[in-house]
Amino acid sequence: MRTLIKNAQVVLPTGIVAIPVLLEGGKIADLDPAPQITADVTIDATGLHLLPGVIDDQVHFREPGLTHKEDLASASRACAKGGVTTFLEMPNTKPAAITQAGVNEKLALAASKSLVNYGFYIGATPHNIEDLKTAQRTPGIKIFIGSSTGDLLVDEQSALERIFAETSLPLTAHCEDESTVRANAARLGDQLTLADHSRIRDHQAAMIATRRALDLAFRHRHRFHVLHVSTGDETALLADHQGLITAEVCPHHLFFHIEDYERLGSLVQMNPSIKTQDDNRRLWQALQDGLIQVIATDHAPHTWEEKQQPYPQSPSGLPAVENSLALLLDQAHRGACTLEQIAHWMSDAPARVWDLVDKGRIAPGYDADLVLVDTHRQQTIQHAQQETKCKWSPWDGVTLTGWPVRTWVHGEEVYREGVFNTAVRGREATYDHARGGYWATQD
Ligand code: DOR
């Protein structure tokens, strides 16, 4: 089937151009095809911008085992609505994905349920080095250097040294220093409030763990992606990347800060914790400066009831896949960034970090994973309208300008103006790790 998208402003890596885009066989077949070209479906996208679909390289979709919080059907609907066409999911499900069989099980579940494309990391433990060495069909290995939701944790130096020395897949980690976190918690005692979350998981905890991971990556010359950078200080470490290091920031670390606990309570309780307004500013600057290359959500839903428990029983995590692109489009509307930057941070850069084949750009031969956005549309986020199973958002009541309106996965329309085509199934992402990642694929 041939689809012709006409009259859109098309966001290419080289700039924004008003050209028709031809889709065929699930691929972008041509840009600016000959005027006499015919198509089965012609879409008039006057007034809209066409972007590459968002690739969210850090989500927690809870299946198997925790499907009262989220599942691959509800999460992938949320993705389609938010313009996310590919997700890479973290291993802290139940059971955790720490073997090839565990990864394969998730791939099979996603094949039957997911409306968008998918991939699953394999999780590191102190004892599964052989699984990590032989793992396939995965973007890479996730290490919890600090513990978070679930029981995955690798913080003994000898285990970390082996993972960095003996595996060849790209590595990524949750960087909060476990002993600093425990010492802070012990010092603060039992009478805790939510604001203590950012004192327990403090700047030092993040800084120590990130510095430790970078040291391992440099000594072993191993590619490493720093997940959810939360402090301005860590960004200074990222300047010396040595062609090995990439980093990511999440919307909640860009837009929330410790004063927000008063207003939003546990809805903004996250690991790593939210920090200060100065950190928000410095993280944004690090994106602008190219020290951080990727924006991802760390979408981590928990039920409303779970979140309402008093701290520290309240779990850490918030949902974001259906609002992340809109949050950034709103920043573009305010003049804080450009649409080309958004396409880089949310599509092209994650595709290159994880060696995703044919993804992340609007270019001939690439997969037709696309999102049309209306940069003028104003819409207010509301708990009840969320597709995520947990049905809440920390951005409830926030009005944003700039929203996705229509999403394609491999050339199939999966979402249009509030309506899903639930017959669409995404495909397993494929990786060409020989490419060598982000720095090896500079234009
Ligand atoms: O706050 C968090 N929640 N951070 C993580 O790294 C994990 C996540 C979860 O899975 O709930």
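Residues numbered from 1 in each chain as written. Predicted model: local features only at pLDDT ≥ 70, side-chain atom pairs only at ≥ 80, totals over all residues. Heavy atoms only, no water.

- As recorded in an unreviewed UniProt entry, the protein chain goes by Dihydroorotase and comes from Lignipirellula cremea.
- Under the UniProt heading Function (unreviewed entry), the note attached to the protein chain is "Catalyzes the reversible cyclization of carbamoyl aspartate to dihydroorotate."
- Quoted verbatim from the Cofactor (unreviewed entry) field of UniProt, the annotation for the protein chain is "Zn(2+)". (UniProt positions renumbered as here; feature names shortened; annotations may be inferred.)

As for the side chain of Asp369
Point 1. Within the secondary structure, Asp369 sits in the loop between helix 14 (339-353) and strand 17 (370-380).
Point 2. Looking at Asp369, its side chain comes within polar contact range of the main-chain nitrogen of His410, at 2.8 Å.
Point 3. When residues no more than four places from it in sequence are discounted, the contact partners of Asp369 are Pro52, Gly53, Thr85, Thr86, Asn117, Lys359, Trp408, Val409 and His410. (Helix = DSSP H or I, 4+ residues; strand = E, 2+ residues; numbered from the N terminus. Polar contact = N/O pair within 3.5 Å; in protein donor to acceptor, adjacent residues only side chain to side chain. Contact = heavy atoms within 4.5 Å.)

Some thoughts on the pairing of strand 3 (residues 15-18)
Point 1. Pairing of strand 2 (residues 9-12) with strand 3, which is carried by four bridges, proceeds in the antiparallel orientation. In the strand pairing of strand 3, Val10 is matched with Val17.
Point 2. Counting the residues that bridge the hairpin from strand 2 to strand 3 gives two residues. (Pairing = 2+ DSSP bridges.)

Considering the pattern of salt bridges
Point 1. By the definition in use, this model includes 32 salt bridges.
Point 2. As a salt-bridge pair, Arg334 and Asp330 come within 2.7 Å of each other at their nearest N and O atoms.
Point 3. Owing to a relative accessible area of 4%, Asp330 belongs among the buried residues under this scheme.
Point 4. Residues joined by salt bridges that share partners form a network here, namely Lys27, Asp358, Lys359, Asp367 and Asp369. (Salt bridge = Lys/Arg side-chain N within 4 Å of Asp/Glu carboxyl O. Buried < 20%, exposed > 50% of the residue type's maximum accessible area, 1.4 Å probe, protein only.)

Details of the confidence of the model for the protein chain
Point 1. Here the protein chain shows a mean pLDDT of 97. Residues at 70 or above account for 100%.
Point 2. The element-level mean pLDDT for the protein chain is lowest in helix 5 (residues 178-188), coming to 96, with strand 9 (residues 84-89) highest at 99. (pLDDT = per-residue confidence, 0-100.)

Some remarks on the site of the ligand
Point 1. Taken together, 14 residues lie around the ligand, and Arg62, Asn92, Thr149, Asn271 and Ser316 are the ones closest in.
Point 2. One of the backbone N or O atoms of Asn271 is found 2.8 Å from a nitrogen atom in the ligand.
Point 3. Spatially, the ligand is embedded in the largest cavity.
Point 4. Of the residues belonging to the shell around the ligand, the class tally is two nonpolar, 10 polar and two charged. (Near = heavy atom within 4 Å. 1 Å grid on protein atoms, 1.4 Å probe; cavity = no way out; pocket = protein on both sides within 12 Å on 5 of 7 lines; lining within 4 Å. Sits in = over half its atoms within 2 Å of the grid points. Nonpolar A, V, L, I, M, F, W, Y, C, P; charged D, E, K, R; others polar.)

Some points on unusual backbone geometry
Point 1. The omega torsion of the bond from Glu63 to Pro64 falls at 10°, within 30 degrees of zero and hence cis.
Point 2. Along the chain, Pro64 turns up in the loop between strand 8 (54-59) and helix 1 (72-82).
Point 3. The phi torsion at Asp32 lies on the positive side, around 55°, for a residue other than glycine.
Point 4. For Asp32, the location among the structural elements is in the loop between strand 5 (27-31) and strand 6 (41-44).

Focus on empty space enclosed by the protein
Point 1. Throughout the structure, instances matching the rule amount to two cavities of 30 Å³ or more.
Point 2. When its volume is computed, the largest cavity comes out at roughly 100 Å³.
Point 3. His60, Ser148, Thr149, Asn271 and Asp298 are, among the 16 residues lining the largest cavity, the residues nearest its centre.
Point 4. Partitioning the lining of the largest cavity into residue classes produces three nonpolar, 10 polar and three charged.
Point 5. The volume enclosed by the second largest cavity comes to roughly 80 Å³.
Point 6. Every residue lining the second largest cavity is counted, 14 residues in all, and those nearest its centre are Arg223, Leu244, Thr246, Val353 and Tyr438. (Points joined across faces, edges and corners; volume = space filled by probe spheres on them.)

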